[in-house]
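# Descriptive analysis of the structure
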Amino acid sequence: MQIEDLERVVSGVADTTGAAVVGVGGGRARGSGIVVAAGKVMTNAHNLHGTEVIVWFGDEREAMGEVTGADVDGDLAVIDVDTGDAAPIEWASVEPSLGMAVVALARPGGQPLRATLGLVSSTGRSFRGPRGRRITGSVEHTAPLRPGSSGGPIVDSRGALVGVNTNRLGDGFYLAIPAGEPLRARIDSLKRGDEPARLRLGIGVAPAHVARGLRRAVGLQDREGLLVRGVEDGGPADRAGMREGDLIVEVKGAAIAAADDLLDALDGTGVSEPLTVKLVRGDNEQEVVVSFEE
């Protein structure tokens, strides 16, 4: 392909799809978004601060929107806003594959449209969402993006949606949530205001190696587990009697060696189901029962 062909692809995509790319912002959070239906904009949940959001359009129009639904752990949200004449983005019919050429589009916090070219450099990647949960199946690409580009799209040579830029990997790479049927289903649910209910203990934890180091420093026996670094007032863990400094060693009878073990246990627990947690407090083992019904 000649350089002129590349120029035509990028400029053509910007012309056909640029109107569907918007800037979003609320408080100190600024990012990009995508018009996915009349009156609906998709973006990353980490771009939001509160339920009211400013949305900037390519025709220099600015409108106030309201969050219809947000999946913070999955880092996705839908905003209800007057999208005017901005046509919704078209979804690609094929999923992104290794080596596929993509164009990344963004309006960082309402700035002019940016368009860059890159390649899909890896698939099936994972990263941590805003609250630490693992987001799997993402696409890595090389289209360079500046801060404020998350929530914007990567598209194919026709301008059809391939993925939603979500997570920066150092310098030069970005991870995007692929635009397949699972994403469509999640966005349709958020459009209706149906937010996923994921159980939370209401704690902050430190990984096992930090827990081991701290226990050694105060002369306590080595144990595998997660160290509780903070407890949310009034949360499920607080109501159950968990304290800062506790070491979580088992949940529902299964050993806990990493944060993902704890999150998997929570995902496998119903709202009405009590959760039995074995703790080590100092050198003493004890069990607490966590209830989520309140």
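Look a little higher up for the structure.
Here the structure is a predicted model, which means the values were calculated and not measured.

## Notes on the overall build of the chain
When its secondary structure is counted, the chain shows five helices and 18 strands. Taken along its principal axes, the extent of the C-alpha atoms in the chain is 70 × 40 × 30 Å. Looking at the chain residue by residue over its 294 residues, the buried ones come to 47%. Split by element, the accessible area of the chain, about 13,900 Å² in all, is 47% carbon and sulfur.

## Concerning helix 2 (residues 181-191)
An α-helix turns once every 3.6 residues. As a result, residues three or four positions apart point the same way. Among the residues of helix 2, L183, I187, S189 and L190 are the ones counted as buried. When helix 2 is viewed along its axis, its buried side chains cluster within an angular range of 160° and face the same direction. Those residues of helix 2 hidden inside the fold are in contact with strand 2 (29-37), strand 3 (40-43), strand 5 (62-71), strand 6 (76-80), strand 11 (161-169) and strand 12 (173-178). Note on helix 2: the residue one or two positions beyond its end, G193, has a positive phi of about 85°.

## Re the nonpolar core
What tends to happen in soluble globular proteins is that the nonpolar side chains get buried as a cluster. Counting residues in hydrophobic clusters, the biggest one holds 35 residues, and the most contacted among them are F57, I79, L183 and I187. Among residues more than four places away in sequence, those in contact with L183 are L76, W91, V164, I177 and P178. Core analysis: the next-biggest nonpolar cluster, separate from the first, contains 20 residues, V228, A237, V251 and F292 among them.

## Some remarks on the packing of aromatic side chains
Applying the stated rule across the entire model yields zero aromatic pairs. The lysine or arginine in question, R61, covers the ring of F57, its NZ or CZ lying 4.2 Å from the ring centre.

## A closer look at the pattern of salt bridges
By the definition in use, this model includes 21 salt bridges. Of the charged contacts, one joins D82 and R61 as a salt bridge, the two residues approaching to 3.9 Å between their closest N and O atoms. Pair noted here: D82 is in the loop between strand 6 and strand 7 (101-106) and R61 is in the loop between strand 4 (52-56) and strand 5, with a separation of 21 residues, a long-range link. Residue classification places D82 among the exposed residues on the basis of a relative accessible area of 52%. Residues R212 and E224 are paired through a salt bridge, measuring 2.6 Å at the closest nitrogen-oxygen approach. Taken together, the residues span a long stretch of sequence, with R212 in helix 3 (residues 208-217) and E224 in the loop between helix 3 and strand 14 (226-231) at a distance of 12 residues. For R212, a relative accessible area of 22% gives the class partly exposed. Residues participating in the shared-partner salt-bridge network are R223, E250, K278 and E285.

## Topic: the sheet that holds strand 2
Taken in spatial order, the six strands of this closed barrel run 1-2-3-6-5-4, and their pairing is antiparallel. Strand-to-strand twist across the sheet, computed as the mean angle between neighbouring axes with direction ignored, equals 40°. Bridging between strand 2 and strand 3 involves three bridges; their strand directions are antiparallel. Looking at the pairing, I34 lines up with M42 of strand 3. Helix 2 contacts strand 2, strand 3, strand 5 and strand 6 of the sheet and is inclined by roughly 45° relative to strand 6.

## Considering the pairing of strand 9 (residues 134-141)
In this sheet, strand 9 lies alongside strand 8 (residues 114-128) in antiparallel orientation, the contact comprising five bridges. Counted as the bridge partner of R125 is S138 from strand 9. Counting the residues between successive antiparallel strands, the hairpin from strand 8 to strand 9 contains five residues, one of them, G132, with a positive phi of roughly 95°.

## Let's talk about the side chain of T17
Positionally, T17 belongs in helix 1 (residues 3-17). Here T17 falls in the buried class, since its relative accessible area comes to 6%. Setting aside residues no more than four positions away along its own chain, T17 makes contact with I89, L105, V155 and G159.

Conventions used here
- Residues numbered from 1 in each chain as written.
- Predicted model: local features only at pLDDT ≥ 70, side-chain atom pairs only at ≥ 80, totals over all residues.
- Heavy atoms only, no water.
- Helix = DSSP H or I, 4+ residues; strand = E, 2+ residues; numbered from the N terminus.
- Buried < 20%, exposed > 50% of the residue type's maximum accessible area, 1.4 Å probe, protein only.
- Areas by Shrake-Rupley, 256 points an atom, 1.4 Å probe, with all protein chains shown as cover.
- Arc of directions from axis to C-beta.
- Contact = heavy atoms within 4.5 Å.
- Core = buried A, V, L, I, M, F, W, Y, C linked by side-chain atoms within 4.5 Å.
- Phe/Tyr/Trp six-rings, centres within 6.5 Å; stacked < 30°, edge-to-face > 60°.
- Lys NZ or Arg CZ within 6 Å of the ring centre and 35° of its normal.
- Salt bridge = Lys/Arg side-chain N within 4 Å of Asp/Glu carboxyl O.
- Pairing = 2+ DSSP bridges.
- Axes fitted to C-alpha atoms, helices over the stretch in contact; angles between N-to-C directions.

Without other data, these values stay purely geometric and don't point to any function.
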